Structures are given as C-alpha cells and as structure tokens.
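# Breakdown of the fold
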Amino acid sequence: MSARGGKKKATKLSRSARAGVIFPVGRMMRYLRTGTHKYRIGMGAPVYMAAVIEYLAAEILELAGNAARDNKKGRITPRHIKLAVANDEELNQLLRGVTISNGGVLPRIHPELLSKKRGSRVKVDTQVAVPEKRAERVKSVKKTAVKKGKGKPGRKPRNTENDVEAVPNSTVEDGPGDGFTILSAKSLFLGQKLSLTESEISKIGTIKVEGIINPTNAEMDLKEGVGNALEKAGGREFLDAVKDLRKAQGPLEVASVAVSQANGMAARFVIHCNVPQWGSEKCEDQLEKTVKNCLSAAEEKKMKSVAFPSLPAGRNGFPKQTAAQLILKAISNHFVSATTSSLKNIYFVLFDSESIGIYLQEMAKLDAK
C-alpha cells in the first residue's frame, strides 16, 4: 500500500520475459509485419520465431566454440562457425545455401582438376616408367639365365623367380592409381604412411592396394555403399567367393572380420568387418576394436597396403566427427603397441567433402599431438 492508500503498481514485464526467451519478441513481431500486411499474424508467431532463432544461435555458438577450442583459439571466428555448420548434418542441411563471410571453404578438389599439376607426374611414372623398369628387369633376368645356362645346363639360375614375382608388387608402392587424389599424408609410429585420398565410390574396386576394407553387417551383404561398388567391380566370381565365405564363416559377430579373395579387382583380398551400431552398448570401443581387427587380419595375410573407406555406413548412424576420431585413434594405437608390421601404406578413401574436411581436421590434431 502506498501513503495515499492506492495499490502498488506492478512492474512491467516485456514479452520476451513473459515468454521466457532472451531474443526480443517485439522485434520479431515487427519484422514479421514488414511486407506481410495482407496476412494475419498470430500472437504466438513471434514467440516461436524468437525461440527457434535463439536455439539455433546457441547450438551454432556451442559447436563453433568447440571448433575454436580444438584449434587452440580463444576467440570464435567465422571460420569456426563454417566448420561447426559443415560438421553437423542437420545444420549443414538447413544452411546449405548460406554463405558465411570470411568463413573459407571446405577442401573439395575434384581429381580431374589436379591431374595436370599433381596427377600428371604420377600418371607418367606409373604408365611409362614402370613398364620400362619391368622390361629391363625381365631382360636382365633372361640374360643371367642364359649366361648361367651355358656353363651348367642342368642347373636353374638363382633368384629368378623372386625377381619376377617382385615386379607386380612394385605397383603398390607407386600409389593408389588413377582416379584417386592424395590430399594429405602423415607418418605413423613404425614408419607407415597414412594417406587421405579422394575418389568416387564406384572406383573403389580399381584402387591399387593389397586389401580393401568392406564395412558390412552380420550377413556380409553387398547391397549398399562400398559393398555394392565391390560387387559391380568383382562381378560374379567375387559374389560367389563372398557366398562361400558366408557359408564357411557363418554370421559375423560385432567387430569381427572375415577375409575373402578380391576376384576381378586390382586388390588381392577384401576384409569384411561387422561395424557396430551407434547407440549400442560400448559402440565406441567396438568401433576401435573393429579397426584393430582389420589391421591384424591384413598383417596375418602379409599385406603391405590397405584401403579404408568411411567405416560407419549411413545406416549405422555414427557421427562422422566421432567416427573419424575413433578410427584414427585406433590406427595410431595399433602401431604404437605393435613391434613389427607388414603394412606400409594405409589409405583413407573418402567420397564426400564433409568427410574429407573432418578427416583433414582430425589428422592435423594427430600431427599436433
């Protein structure tokens, strides 16, 4: 009560305070009325609009702050906002037509654009130089065989078989082949080379490695993604080999692997692995175990090079950032704990710009560590 006996005036609350949001509801109402005079605007429309925009701003700022912290920066820049939006599937879908000023771009270089700069030397070396080397080696082998044959006709020349067998394996060290662009590379603990490669999923069967990782399920089906591309590349022989393996092996347990012949492809083997589902019990540990089992299976077959596509397929629902961190961590830990390994080259074969940007960022963190 006041001195005059009147009622105490209630404090005035803004529409934002009454709605429980921070963004101004009145200003949203004014924006909605601009240019929409012929439409009726309900009283709840500006409240919903302010709440949605506030949620989006908070979400983007949180992700951008994480990106800034990962890059060891104390201030959020437009580049961090760009990375935050690009690495989140829902935000990337919502803001795919939006250009962020000074945000830069994600690395997305088509292989044909690099063929004249980087790829030209590789193509010349692999197509011209290698056959000349092979011809020289074969000639030298024949000459030594003839010379030794003249002296003692009943004796076989030494090391001729090893020299001939060593020639086909030399292509593995030359690179993944045409249609595959190496964007980044780093050395691991035992000297292995980890390369980030861009290509198309339809070309996965033509990559020049000894083993290809095929992320699949317990039944080892080849209906989606990498499995479908491998089936098209290998044809009927590869499909029959997978069916025989399925009958002999039975259903694959989570994180377990099975090896089949890569009939009709440039590779020698295909390593099938049952990738865990996101949200299942200990799914992160199971994914690391899957990667280590793939590497161990490759080492048992004495492989020198393997190709890893993006392991968690779309149906498994693994977040790409989390998957990249776990896979790189598992590969690094495997070679740190191992004493020796037959593997020399490991290729990450990625098919979309979002995955490429994520893996480039995570590989840079490995270099920093």
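This report concerns the structure included in the present document. (Residues numbered from 1 in each chain as written. Predicted model: local features only at pLDDT ≥ 70, side-chain atom pairs only at ≥ 80, totals over all residues. Heavy atoms only, no water.)

## Details of the packing of helix H3 (residues 45–70) against helix H4 (residues 78–86)
When two helices pack together, their arrangement is captured by the angle between the axes and the distance separating the axes. Quick reminder of the rule: Interaxial angles span 0 to 180 degrees and are taken between N-to-C directions of axes, which are lines fitted to C-alpha atoms, for helices over the stretch in contact. Starting at the N terminus, helices and strands are each numbered in turn, a helix being any DSSP run of H or I of at least four residues and a strand any DSSP run of E of at least two. Just so you know how the angles are binned, under 35 degrees is roughly parallel, over 145 roughly antiparallel, 65 to 115 roughly perpendicular, and the rest oblique. It is the rotation of the near helix from the far one that decides the hand of a crossing: anticlockwise by less than a right angle makes it left-handed, clockwise makes it right-handed. We call two residues contacting when some pair of their heavy atoms lies within 4.5 Å. Each residue receives one of three labels: charged for Asp, Glu, Lys and Arg, nonpolar for Ala, Val, Leu, Ile, Met, Phe, Trp, Tyr, Cys and Pro, and polar for the others, Gly being one of them.
The interhelical angle for the contact between H3 and H4, taken along N-to-C directions, is 110 degrees, at an axis separation of 8 Å. On the basis of their axis angle, the class for H3 and H4 is roughly perpendicular. With respect to the hand of their crossing, H3 and H4 are arranged in right-handed fashion. Listed contacts from H4 to Ile 60, Leu 63, Ala 64, Ala 67 and Ala 68 of H3 are His 80, Ile 81 and Ala 84. For the contact of H3 with H4, a count of residues per class yields 7 nonpolar, 1 polar and no charged.

## Overview of the packing of aromatic side chains
Which entries qualify depends on this criterion: Only Phe, Tyr and Trp rings take part, Trp by its six-membered ring, and two of them pair if their centres are within 6.5 Å. Stacked means planes under 30 degrees apart, edge-to-face means over 60, and tilted covers everything else. Working definition: with a 1.4 Å probe on protein chains only, accessible area under 20% of the residue-type maximum means buried, over 50% means exposed, and in between means partly exposed.
Going through the model one piece at a time under the given rule, you end up with 2 aromatic pairs. A ring pair is formed by Phe 308 and Phe 348, whose centres lie 6.0 Å apart and whose planes are at 45 degrees; its orientation type is tilted. Highlighted residues: Phe 308 in strand E6 (residues 305–309) and Phe 348 in strand E7 (residues 345–350), separated in sequence by 40 residues. Relative accessible area serves as the criterion here: at 0%, Phe 308 is assigned to the buried category. Consider the rings of Phe 348 and Tyr 359, whose centres lie 5.1 Å apart with planes at 45 degrees: the pair is tilted. You can see Phe 348 sitting in strand E7 and its partner Tyr 359 sitting in helix H11 (residues 353–368), a full 11 residues away along the chain. Through a chain of ring-to-ring contacts, the aromatic side chains of Phe 308, Phe 348 and Tyr 359 assemble into a single cluster.

## Description of the packing of helix H9 (residues 283–300) against helix H10 (residues 320–337)
With their axes 9 Å apart at the nearest point, H9 and H10 run at an angle of 45 degrees to one another. The pairing of H9 with H10 is recorded here as oblique in orientation. In this structure, H9 crosses over H10, and the sense of that crossing is right-handed. Residues Glu 284, Leu 287, Glu 288, Val 291, Lys 292, Leu 295, Ser 296 and Glu 299 of H9 form the contact with H10, whose participating residues are Thr 322, Ala 323, Leu 326, Ile 327, Lys 329, Ala 330, Ile 331, Asn 333, His 334 and Phe 335. Here the residues of the contact of H9 with H10 sort into 9 nonpolar, 4 polar and 5 charged.

## Looking at the state of the cysteines
Worth spelling out the cut-off: A pair of cysteine sulfur atoms is labelled a disulfide when the two atoms are within 2.5 Å.
Throughout the structure, instances matching the rule amount to 0 disulfides. Summary of cysteine pairing: Cys 273 is not part of a disulfide, and the nearest cysteine sulfur, belonging to Cys 294, is at 3.9 Å. The class of Cys 294 is buried, set by a relative accessible area of 0%.

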